[in-house]
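Each chain, letter by letter, is given below.
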Amino acid sequence: MTRFDRLFEELPESIDCALITSDVNRRYFTGMKSSDGTILAFREKAYLLIDFRYIEKARDTVTSAEVIEQKKLYHQIAQLIREHGAANMAIEAQTMTVSQLRNFRNILKETEIIDTDALSNAINKLRTVKDEEEIVCIRKAQEIAEKAFDHILGFIKPGVTEREIALELNRVMFNYGAEDLSFETIALSGPNTSMPHGVPSDRKVQDGEFVLMDYGAVYNGYHSDMTRTVCVGEPTEKMRKVYEIVLEAQNTAINAAHGGITGCELDRIARSIIEDAGYGDCFGHSLGHGVGMEIHEKPNASPNYRLELETGAVVTVEPGIYIAGEFGVRIEDFVILTENSCENMTKCAKNLISL
Ligand SMILES: [Mn+2]
């Protein structure tokens, strides 16, 4: 069964065709990366309309859809809709721009445009559960990130700056085959570690400080995501204690994770440990998020996500404690949920390392 077949199984029967306009979902359905292009999928057949810059590659590689060179997009779409006798067309409401929607409405006067979240939700649902091929790519993306981690431990020392650490992580990841960075690498030191998404600066690392690194690599369209907090020299008693609380929260949540647990239940397991230790106010973000073709995707492990995390979903487990003006600790792994437990895709050690 193709991904298009599975999509139409998820969609209400009343929907005649689906217009897929986002870059990431176009890649999900065709396997080809491009910065432009449009998929129009009917139950019986799918088309990829793509312009001259990509046409040769598309004709060589795309097998899931008939490839058509894009000339006058809106008219070509109208023509296909007429040929297939479709009365309505669902759009990706979560990503289409208002101006695109207006254009389609102007051109497709006879076609009902379904602008609910039905199509976006159906695609998100498909993408949540990863198949074997996708898992292979995610594993590879994580292997690249872990090679960079092994390397950076020998690079961090008093006097190097946050920016130098970030740049070195990036360089090594590209060197080991990353297609891209999962996001702008975060490398923070000392008091800056209390800002969960701080931006690397020219601040020099000093002895006795934490260095927090949150980063990942993209491999064949799939992202990895990890955070490690290491100490340069010896940590204080408080630093050590906070680190152990975060680690316990993380390990406990990972041990409890399984397909069918709700996002809020998983979040609660980690959060209650941090709350019981007296640091509830210092953990102001959610426990985790889905990872795949996007760095943040469904499902979420957060206090207000009441849905089940499905078997086959990949989610991060990243509790943290952030004490403003002092320091912060975050430890992040990501796991694939199985029926009764989960497999941790992050293999590198997380005992407190002092360099
Ligand atoms: Mn993350």
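If you're wondering where the values come from, they're calculated on a predicted model, not measured in any experiment.

J.: So what about the coordination of the manganese ion? Which residues, and what values?
T.: In this structure, Asp225 (OD), His289 (NE2), Glu318 (OE) and Glu332 (OE) serve as the protein donors to the manganese ion, at separations of 2.1 to 2.4 Å. One chain supplies every donor to the manganese ion, and in sequence these donors are spaced D-x63-H-x28-E-x13-E. Residue Asp225 is located in the loop between strand E11 (222–223) and strand E12 (226–232), and its partner Glu332 is located in the loop between strand E17 (327–330) and strand E18 (333–337); the two are separated by 107 residues in the primary sequence. Just as Asp225 is buried, Glu332 falls in that class too.

J.: Give me the packing of aromatic side chains: which residues, what numbers.
T.: The final tally for this structure, using the stated rule, is 6 aromatic pairs. Centre to centre, the rings of Phe210 and Tyr243 are 6.4 Å apart; their planes meet at 35°, and the pair counts as tilted. Within this pair, whereas Phe210 is found in strand E9 (residues 209–215), its partner Tyr243 is found in helix H9 (residues 237–256), the two being separated by 33 residues in sequence. Like Phe210, the residue Tyr243 is buried in the burial classification. A connected cluster of aromatic rings, assembled from ring pairs, spans Phe4, Tyr28 and Phe29.

J.: Quick one: what's the story with the domain arrangement of the protein chain, residue by residue and with numbers?
T.: Partitioning the protein chain into domains gives domain 1 (3–128) and domain 2 (132–344). Each of domain 1 and domain 2 has a C-alpha centre, and these two points are 35 Å apart. Domain 1 puts 9 residues into the contact, and the matching count from domain 2 is 14 residues. Here domain 1 packs against domain 2, burying approximately 940 Å² in sum over the two surfaces, 45% of which is carbon and sulfur. If you sort the residues of domain 1 by the area they bury against domain 2, Arg27, Arg127 and Thr128 come out on top, with a joint share of 58%. Viewed at the interface, domain 2 and domain 1 are joined by 5 salt bridges. Taking the shortest distance from any N to any O, the salt bridge between Arg27 and Glu179 comes out at 3.1 Å. Across the domain 1-domain 2 interface, the total number found is 4 residue pairs in polar contact (both at pLDDT 80 or more). At the level of secondary structure, the elements contributing two or more residues to the side of domain 1 that touches domain 2 comprise helix H2 (23–30) and helix H6 (118–128). Taken together, the residues of the side of domain 1 that touches domain 2 break down into 2 nonpolar, 2 polar and 5 charged.

J.: A description of the side chain of Ser224 should follow, citing residues and the corresponding values.
T.: Positionally, Ser224 belongs in the loop between E11 and E12. A relative accessible area of 0% places Ser224 in the buried class. Reaching out from Ser224, the side chain makes a polar contact with the backbone oxygen of Ala141 at a distance of 3.1 Å. In contact with Ser224, not counting residues within four places along its chain, are Ala141, Gln142, Ala145, Ser182, Tyr215, Gly216, Ala217, Ile295 and Phe334.

Calculation notes
- Residues numbered from 1 in each chain as written.
- Predicted model: local features only at pLDDT ≥ 70, side-chain atom pairs only at ≥ 80, totals over all residues.
- Heavy atoms only, no water.
- Donors = N, O, S within 2.8 Å, 3.2 Å for Na, K, Ca; no water.
- Helix = DSSP H or I, 4+ residues; strand = E, 2+ residues; numbered from the N terminus.
- Buried < 20%, exposed > 50% of the residue type's maximum accessible area, 1.4 Å probe, protein only.
- Phe/Tyr/Trp six-rings, centres within 6.5 Å; stacked < 30°, edge-to-face > 60°.
- Domains from an automatic or database assignment.
- Contact = heavy atoms within 4.5 Å.
- Buried area = accessible area lost by both parts, 1.4 Å probe.
- Salt bridge = Lys/Arg side-chain N within 4 Å of Asp/Glu carboxyl O.
- Polar contact = N/O pair within 3.5 Å; in protein donor to acceptor, adjacent residues only side chain to side chain.
- Nonpolar A, V, L, I, M, F, W, Y, C, P; charged D, E, K, R; others polar.

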